[in-house]
Amino acid sequence: MDESVAVKERPFSGFNTSDDRTGVNSLRDALVQAGLLIPTGVQGLFGRDERFERVVEAIDSLVTRLGADQNAEVLRFPPAMSRIEFERSEYLKGFPQLAGTVHSFCGGEHEQQRVLQCLDRGDDWTEYQKPTYVVMTPAACYPVYPVIAQRGSLPEQGNTVDVFSYCFRHEPSLDPTRMQLFRMREYVRFGTPAQIMAFRSEWIERGTRLAKLLELPNSIDLANDPFFGRGGKIAAHSQREQSLKFELLIPIESADKLTACLSFNYHVDHFGLLWGIKTHDLGVAHTGCVGFGLERLTLALFKHHGFDIARWPQTVRDVLWKRP
Ligand code: AMP
Ligand code: ZN
């Protein structure tokens, strides 16, 4: 049977297990059965097949075309960043539950023997794993702030940077749209409050145009980040009250559950203060970013147009693969 039909006939019916080995999420199962996502035995950690990657790459270049007039400087970083800069970002204040740190074996031969013995016995072997100065990148824009800060004050028109990174968030889930390692493409804007606000409205409009071009049902809504703990509730409330975050939502996993596929963020002077980023007249720079979740957009396309790319609406295929 054609997979697109199979998906339509088996609407998502809810999770009833937290065991990845017996996961029953029908969208996830259908994606895995079709070979688009390759399970690894760890929730939210997937391989992708050639068809999936073709779509990710096409969305990525569509974002490049949408932002062609931004004069953005392209910067690329590995999916990990400096622990020192990560500490400075205050990520651990807001989202300690999502952070991923890289640890390495730092013992000698004696300790290695102990590790091997633990492995033999099935005991915990991680005692000799020590933190390194490398931390997984939580959002594509994080490595950029120290780089821009080091250059001195911004030009009068501010600065726009184009970044792309695999990002890590420790949020294991059976929901295929909630991965632990996923790709984020961003435009990051540095400048005055007026420059950031203009950038953000422009990208809310462009993001909506992108979803329309891809023939995906969508809506824009006010949002907040998943701040940790009791203090986090206040932070989330304040973020909403100041309208700092908007998201473009698409139903993916089920018709009544909307998934954030793009986010439009105004950080006010948070990063400007932390890294001492200055405007041309030596005020504290404000920053903002638009983030595109490449896996989520890809999953939205497979969900709404079926698993067989050849049978997607010609108009959508033209947007993705026919160059102007
Ligand atoms: P955020 O920084 O949380 O606003 O994330 C930016 C974008 O990354 C979101 O709009 C999503 O499209 C995507 N994203 C965030 N978390 C995940 C995840 N766990 N799995 C896949 N994509 C994600
Ligand atoms: Zn960002």
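Predicted, not measured: the structure shown is a model, and the values here were computed from it.

**A word on the coordination of the zinc ion (ligand 2)**
Coordination of the zinc ion (ligand 2) by the protein is provided by Cys-141 (SG), Glu-186 (OE) and Cys-289 (SG), with metal-donor distances spanning 2.1 to 2.4 Å. Counting the intervening residues between successive donors of the zinc ion (ligand 2) yields the motif C-x44-E-x102-C. Of the two residues, Glu-186 is situated in strand E8 (residues 181–191) and Cys-289 in strand E12 (residues 286–293); the sequence distance between them amounts to 103 residues.

**A look at the site of ligand 1**
In the vicinity of ligand 1, 14 residues are found, and the nearest of them are Arg-169, Glu-171, Met-179, Lys-245 and Ser-263. With respect to ligand 1, the side chain of Glu-171 contributes an N or O atom lying 2.8 Å from a nitrogen atom. Between ligand 1 and Thr-177 there is a distance of 3.2 Å, counted from a nitrogen atom to a backbone nitrogen or oxygen. In the complex, the protein chains occlude 93% of the 480 Å² of accessible area that ligand 1 would expose alone. At the level of secondary structure, the elements contributing two or more residues to the shell around ligand 1 comprise E8 and strand E11 (257–268). With four residues, the single largest contributor to the shell around ligand 1 is E11.

**Considerations on the environment of Arg-206**
Looking at the secondary structure, you find Arg-206 in helix H8 (residues 193–213). Spatially, the C-alpha atoms of Arg-206 and Lys-322 are 19 Å apart, while their sequence positions differ by 116 residues. In this view, Arg-206 contacts Leu-66, Gly-67, Asp-69 and Gln-70; residues no more than four positions away in its chain are not counted.

**Considering the sheet that holds strand E4 (residues 80–82)**
Note: strands within a sheet are paired through backbone hydrogen bonds, in either parallel or antiparallel orientation. Within the open sheet, the three strands sit side by side as E4-E6-E5. Their pairing is antiparallel. Each of the sheet's edge strands pairs with one partner strand only, and the pair in question is E4 and strand E5 (101–105). Neighbour to neighbour, the strand axes of the sheet diverge by 60° on average, direction disregarded. Bridge count for E4 against strand E6 (residues 129–136) is three bridges, and the pairing is antiparallel. Considered in E6, the bridge of Ser-82 is made with Val-134.

**Overview of a nonpolar patch on the surface**
A surface patch of nonpolar side chains, about 270 Å² in accessible area, is lined by Leu-116, Leu-119 and Trp-125. Inspection of the secondary structure puts Trp-125 in the loop between helix H6 (109–121) and E6. On the basis of relative accessibility, which here comes to 35%, the residue Trp-125 falls in the partly exposed class.

**Let's talk about the pattern of salt bridges**
Counted under the stated rule, the structure contains 20 salt bridges. In this structure, Arg-76 and Asp-162 form a salt bridge, with 3.0 Å as the shortest nitrogen-oxygen distance. Of this pair, Arg-76 sits in the loop between strand E3 (73–74) and E4 while Asp-162 is found in strand E7 (residues 159–168), placing the two residues 86 residues apart along the sequence. Judged by its relative accessible area of 41%, Arg-76 is partly exposed.

**Here's the deal with the packing of helix H3 (residues 50–66) against helix H12 (residues 314–321)**
Relative orientation of the contacting elements H3 and H12 amounts to 70°, with a least axis distance of 8 Å. In this view, H3 runs roughly perpendicular relative to H12, as classed from their interaxial angle. Contact with H3, carried on its side by Arg-54, Val-55, Ala-58, Ile-59, Leu-62 and Arg-65, involves Val-319, Leu-320 and Trp-321 of H12 and no other residues of that element. Its residues assigned to classes, the contact of H3 with H12 comprises seven nonpolar, no polar and two charged.

**Some thoughts on the sheet that holds strand E9 (residues 219–222)**
Ordered by their spatial adjacency, seven strands build an open sheet running E3-E7-E8-E12-E11-E10-E9, and the pairing between neighbours is mixed. Pairing within the sheet leaves two strands with one partner each, and these edge strands are E3 and E9. Seen against the sheet, H3 touches E7, E8 and E12 and runs at an angle of roughly 5° to E8. Together, E7, E8, strand E10 (245–254), E11 and E12 form the strand contacts of helix H11 (residues 294–305), whose direction differs from that of E10 by roughly 40°.

**Some words on the nonpolar core**
One finds Phe-190, Leu-214, Ile-277, Phe-292, Leu-301 and Leu-320 to be the most contacted residues of the largest nonpolar core, which totals 74 residues. Here this core takes eight residues from H3, the largest share from any one element. Sequence-distant contacts of Leu-320, that is, excluding residues within four places in its chain, are made with Ala-58, Ile-59, Leu-62, Arg-65, Leu-214, Leu-301 and Trp-312.

**Re the layout of surface pockets**
One way to see where empty space is left: roll a probe the size of a water molecule over the atoms. Approximately 160 Å³ is the volume attributed to the second largest pocket. What lines the second largest pocket is simply Asp-69, Gln-70, Asn-71, Pro-155, Gln-157, Gly-158, Asn-159, Thr-160 and Arg-189. Here the lining of the second largest pocket is built from residues that sort into one nonpolar, six polar and two charged.

**Observations regarding unusual backbone geometry**
With a phi close to 50°, Val-268 is a non-glycine residue in the positive phi region. Mapped onto the elements, Val-268 comes out in strand E11. For Leu-282, which is not glycine, the phi dihedral falls at a positive 70°. Topologically, Leu-282 is positioned in the loop between helix H10 (270–275) and E12. For Leu-282, a relative accessible area of 61% corresponds to the exposed category.

Thresholds applied
Residues numbered from 1 in each chain as written. Chains lettered and ligands numbered in written order. Predicted model: local features only at pLDDT ≥ 70, side-chain atom pairs only at ≥ 80, totals over all residues. Heavy atoms only, no water. Donors = N, O, S within 2.8 Å, 3.2 Å for Na, K, Ca; no water. Helix = DSSP H or I, 4+ residues; strand = E, 2+ residues; numbered from the N terminus. Near = heavy atom within 4 Å. Polar contact = N/O pair within 3.5 Å; in protein donor to acceptor, adjacent residues only side chain to side chain. Areas by Shrake-Rupley, 256 points an atom, 1.4 Å probe, with all protein chains shown as cover. Contact = heavy atoms within 4.5 Å. Pairing = 2+ DSSP bridges. Axes fitted to C-alpha atoms, helices over the stretch in contact; angles between N-to-C directions. Patch = residues over 30% accessible without salt bridge, like charges linked within 9 Å, V, L, I, M, F, W, Y side chains within 5 Å. Salt bridge = Lys/Arg side-chain N within 4 Å of Asp/Glu carboxyl O. Buried < 20%, exposed > 50% of the residue type's maximum accessible area, 1.4 Å probe, protein only. Parallel < 35°, antiparallel > 145°, perpendicular 65-115°, else oblique. Nonpolar A, V, L, I, M, F, W, Y, C, P; charged D, E, K, R; others polar. Core = buried A, V, L, I, M, F, W, Y, C linked by side-chain atoms within 4.5 Å. 1 Å grid on protein atoms, 1.4 Å probe; cavity = no way out; pocket = protein on both sides within 12 Å on 5 of 7 lines; lining within 4 Å. Points joined across faces, edges and corners; volume = space filled by probe spheres on them.

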